[in-house]
Amino acid sequence: VQLQASGGGLVQAGGSLRLSCAASGRTFSRYAMGWFRQAPGKEREFVAAIRRSGGSTYYADSVKGRFTISRDNAKNTVYLQMNSLKPEDTAVYYCAADQSLRVVVATRTYEYDYWGQGTLVTVSS
């Protein structure tokens, strides 16, 4: 599967952005999906994940209550709605696909099989 992330940009603190990740192919619903981010000089970190059916979601503590992950399997797209953005949310955001059938939602980079190219989110103070 090929992933294309979009929706990044420059926003003031307290603002909102919605990221999208479009997937190619007809098997999108078979993948659990995740969002990660990487700030300059830091390691890539988990942000959010959603199961294949969209019935369960999981968030990093740093974004819980502010970010919402969702998916539309008919459109082969996963979203990340980001509200109440903070300067520390500034990073390149990546979407990723997990093709395993693991029971526990994947939160580590090595658990994901496919990655998008990233979209830059900059939050100004």
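Colleague: So what's going on with the pattern of salt bridges? Residues and values would help.
Modeller: What the rule picks out here adds up to six salt bridges. Aspartate 61 is the partner of lysine 64 in a salt bridge, and the nearest nitrogen-oxygen pair spans 3.1 Å. Via salt bridges that share partners, Arg37, Glu45, Arg66 and Asp89 belong to a single interconnected network.

Colleague: How would you explain unusual backbone geometry if you had to name every residue and give the values?
Modeller: One non-glycine residue with positive phi stands out, namely asparagine 76, at about 55 degrees. Mapped onto the secondary structure, asparagine 76 falls in the loop between strand S7 (67-72) and strand S8 (77-82). With relative accessibility at 17%, the residue asparagine 76 sits in the buried group. Of note in the backbone geometry, serine 84 takes a positive phi value of approximately 50 degrees without being a glycine. Tracing the chain through its elements places serine 84 in the loop between S8 and strand S9 (91-98).

Colleague: Tell me what's going on with the packing of aromatic side chains, and back it up with residues and numbers.
Modeller: One pass over the full model with this rule turns up six aromatic pairs. Where tyrosine 31 meets tyrosine 114, the ring centres are 5.9 Å apart and the plane angle is 90 degrees; that geometry is what we call edge-to-face. With tyrosine 31 in the loop between strand S3 (17-23) and strand S4 (32-38) and tyrosine 114 in strand S10 (residues 114-115), the pair connects residues that are 83 residues apart, well separated along the chain. Tyrosine 114 sits in the partly exposed class, given a relative accessible area of 27%.

Colleague: Just give me the short version of the state of the cysteines, but keep the residues and values in it.
Modeller: Evaluation of the coordinates by the stated rule reveals one disulfide. Between the sulfur atoms of cysteine 21 and its disulfide partner cysteine 95 the distance amounts to 2.1 Å. An S-S torsion of about 60 degrees defines the bridge between cysteine 21 and cysteine 95 as right-handed. In this pair, cysteine 21 sits in strand S3 while cysteine 95 sits in strand S9, placing the two residues 74 residues apart along the sequence. Pair check on accessibility: cysteine 21 and cysteine 95 agree, each one buried.

Colleague: Describe the sheet that holds S7, naming the residues involved and giving the relevant values.
Modeller: Taken together, the four strands give an open sheet; going across it, the order is S1-S3-S8-S7, and neighbouring strands pair in antiparallel fashion. Every other strand in the sheet has two partners, leaving strand S1 (3-6) and S7 as the edge strands with one partner each. With strand direction ignored, the average angle separating the axes of adjacent strands in the sheet is 15 degrees.

Colleague: Run through the nonpolar core, naming residues and quoting values.
Modeller: Core analysis: the largest hydrophobic core is formed by 36 residues, its most contacted members being Met33, Trp35, Leu80, Met82 and Tyr93. Of all elements in the fold, only S1, S3, S4, strand S5 (45-50), S7, S8, S9 and strand S11 (119-124) reach the threshold of two or more residues within this core. Each residue touching tyrosine 93, except ones within four places of it in the same chain, is listed here: Leu19, Trp35, Phe36, Arg37, Val47, Phe67, Leu80, Met82, Gly118, Thr119 and Val121.

Colleague: Tell me about the pairing of S7, and please be specific about residues and values.
Modeller: What you see with S7 is a clean split: Phe67, Ile69 and Arg71 sit on the buried side and Thr68, Ser70 and Asp72 on the side with no burial. The sheet contact formed by S7 and S8 spans six bridges and is antiparallel. Bridge pairing links serine 70 to tyrosine 79 in S8. Counting the residues in the hairpin turn of S7 and S8 gives four residues, including asparagine 76, whose phi is positive at 55 degrees.

About the thresholds
Residues numbered from 1 in each chain as written. Predicted model: local features only at pLDDT ≥ 70, side-chain atom pairs only at ≥ 80, totals over all residues. Heavy atoms only, no water. Salt bridge = Lys/Arg side-chain N within 4 Å of Asp/Glu carboxyl O. Helix = DSSP H or I, 4+ residues; strand = E, 2+ residues; numbered from the N terminus. Buried < 20%, exposed > 50% of the residue type's maximum accessible area, 1.4 Å probe, protein only. Phe/Tyr/Trp six-rings, centres within 6.5 Å; stacked < 30°, edge-to-face > 60°. Disulfide = S-S within 2.5 Å. Pairing = 2+ DSSP bridges. Axes fitted to C-alpha atoms, helices over the stretch in contact; angles between N-to-C directions. Core = buried A, V, L, I, M, F, W, Y, C linked by side-chain atoms within 4.5 Å. Contact = heavy atoms within 4.5 Å.

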